[in-house]
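Working through the structure, step by step
As a plain string of letters, each chain reads:
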Amino acid sequence: MSAAAPLTLLYVPGDRPDVVRKAAVSGADVVIVDLEDAVAPDRKEYARAATAELLSDPPSATAPPVHVRVNDEADVLELAGLPGLGGLRLPKITHAASVHHIAALAPGVPLCPLLESALGVEHAYSVASAHPQVRAIALGEADLRADLGVREDAGLDWSRSRVVVAARAAGLAPPAQSVFADVRDLDGLWSSCAHGRALGFLGRAAIHPRQLPVIERAFRPTPQEVEAAWEIVEAARTQAGAQALPDGRFVDAAVVAQAQRTLALAESSPSGD
């Protein structure tokens, strides 16, 4: 589960094909072409056409998957059948019915509903479990912050936890964190990622390539975590059932499963760390 989830997702504006091409070699696990917030109203049609041209060919074996955050139903109809489309991100979803509608327009395409309002968060589980094409859910924090009137970052923690729990209850991978808007504050990004990881998020969306290495490091297991996971897995191999390690840590099936996920995530690192 953890090893298969992307850790870095890079948003790029759909009306900038040159930036999209650069994003494809940025090292991001997924490139998200944004046809919604990142594109001015008078550039929407151009962005859709440019994205359709980009996705008209099948992806190369070395290129990251390309997802599209759509702006409207016309985007879905234009892009759904293209061979280079890796998935659709659906903004401002509030009900499962909306997911079913998009799934009917784009059969077989992986979907990621974005929960960006109080109502969307309230319906998080029904959205996450709405359709087999839903492969992930995510929180849109900028819109949610405005909807709730929240000024302090901690005011979003309940909503964050709600989305994490809903994703896992629906059998999905842990969600990726929402974007960190200050692209120059890498220390702040690191701290925010550490907080998100503690809440159960896995990976994060970025809006600039310089954020990618920070996100990657923040969500990869540390050497100490990998060493501790190996100790747990080795202990489970030599003795069945619950047990206590020499240092006092209690080990049961749930602890072993968590350790195995940690090792799987570490082994999926491009560097093999």
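Residues numbered from 1 in each chain as written. Predicted model: local features only at pLDDT ≥ 70, side-chain atom pairs only at ≥ 80, totals over all residues. Heavy atoms only, no water.

**Some details on the overall build of the protein chain**
Secondary structure assignment for the protein chain yields 12 helices and nine strands. For 273 residues, the compact-globule estimate of 2.2 N^0.38 gives 19 Å, and the protein chain sits close to it at 19 Å. By its C-alpha atoms, the protein chain is 65 × 40 × 40 Å across when sized along the principal axes. When the 273 residues of the protein chain are sorted by exposure, 45% land in the buried category. For the protein chain, long-range pairs separated by at least 24 residues make up 62% of all intrachain contacts whose partners lie at least 6 apart in sequence. Here the protein chain has roughly 13200 Å² of accessible surface; of this, 56% comes from carbon and sulfur atoms. Counting 24 positive and 34 negative side-chain charges, the protein chain places the averaged centre of each group 1 Å from the other. (Helix = DSSP H or I, 4+ residues; strand = E, 2+ residues; numbered from the N terminus. Rg over C-alpha atoms; globule rule 2.2 N^0.38 Å. Buried < 20%, exposed > 50% of the residue type's maximum accessible area, 1.4 Å probe, protein only. Contact = heavy atoms within 4.5 Å. Areas by Shrake-Rupley, 256 points an atom, 1.4 Å probe, with all protein chains shown as cover. Lys, Arg positive; Asp, Glu negative; His and termini not counted. Charge placed at Lys NZ, Arg CZ, Asp CG, Glu CD.)

**Re the side chain of His-67**
If you trace the backbone, His-67 turns up in strand E3 (residues 66-69). His-67 has contacts with Val-30, Val-31, Ile-32, Val-33, Gly-86 and Gly-87, leaving out every residue within four places of it along the chain.

**Digging into the nonpolar core**
Among the nonpolar cores identified, the biggest contains 59 residues, and Val-68, Leu-88 and Ile-137 are the most heavily contacted of them. Per-element tally for this core: the top contributor is helix H10 (residues 212-219), with five residues. Val-233, Ala-235, Ala-259 and Leu-263 belong to the second-largest nonpolar core, a separate cluster that totals 11 residues. (Core = buried A, V, L, I, M, F, W, Y, C linked by side-chain atoms within 4.5 Å.)

**Here's the deal with the side chain of Arg-89**
Following the sequence through the fold, Arg-89 ends up in strand E4 (residues 85-90). One buried charged side chain, Arg-89, makes no salt bridge at all; its nearest oppositely charged neighbour is Asp-34, positioned 8.5 Å away. Separated by 3.2 Å, the side chains of Arg-89 and Tyr-11 make a polar contact. The residues touching Arg-89, leaving out its near neighbours within four places in the chain, are Leu-9, Tyr-11, Ile-32, Val-68, Arg-69, Val-70, Cys-112, Leu-114 and Ala-138. (Salt bridge = Lys/Arg side-chain N within 4 Å of Asp/Glu carboxyl O. Polar contact = N/O pair within 3.5 Å; in protein donor to acceptor, adjacent residues only side chain to side chain.)

**Quick look at the environment of Arg-16**
Its location among the elements puts Arg-16 in the loop between strand E1 (8-13) and helix H1 (17-23). Here Arg-16 falls in the partly exposed class, since its relative accessible area comes to 39%. For the pair Arg-16 and Ile-215, spaced 199 residues apart in sequence, the C-alpha separation works out to 24 Å.

**What to know about the pairing of E4**
Regular strands place their side chains on alternate faces of the sheet. Across the six residues that make up E4, a large majority, five, are buried. Alignment of E3 against E4, held across four bridges, turns out to be parallel. Bridging across to E4, His-67 finds its partner in Gly-87. As a crossover connection, the stretch from E3 through helix H3 (residues 73-79) into E4 is right-handed. With three bridges connecting them, E4 and strand E5 (residues 111-115) associate as parallel partners. In the sheet register, Leu-90 faces E5, and the bridge partner there is Pro-113. Crossover connection from E4 via helix H4 (residues 96-105) to parallel E5: handedness right-handed. (Pairing = 2+ DSSP bridges. Right-handed = clockwise from strand over helix to strand, strands pointing away.)

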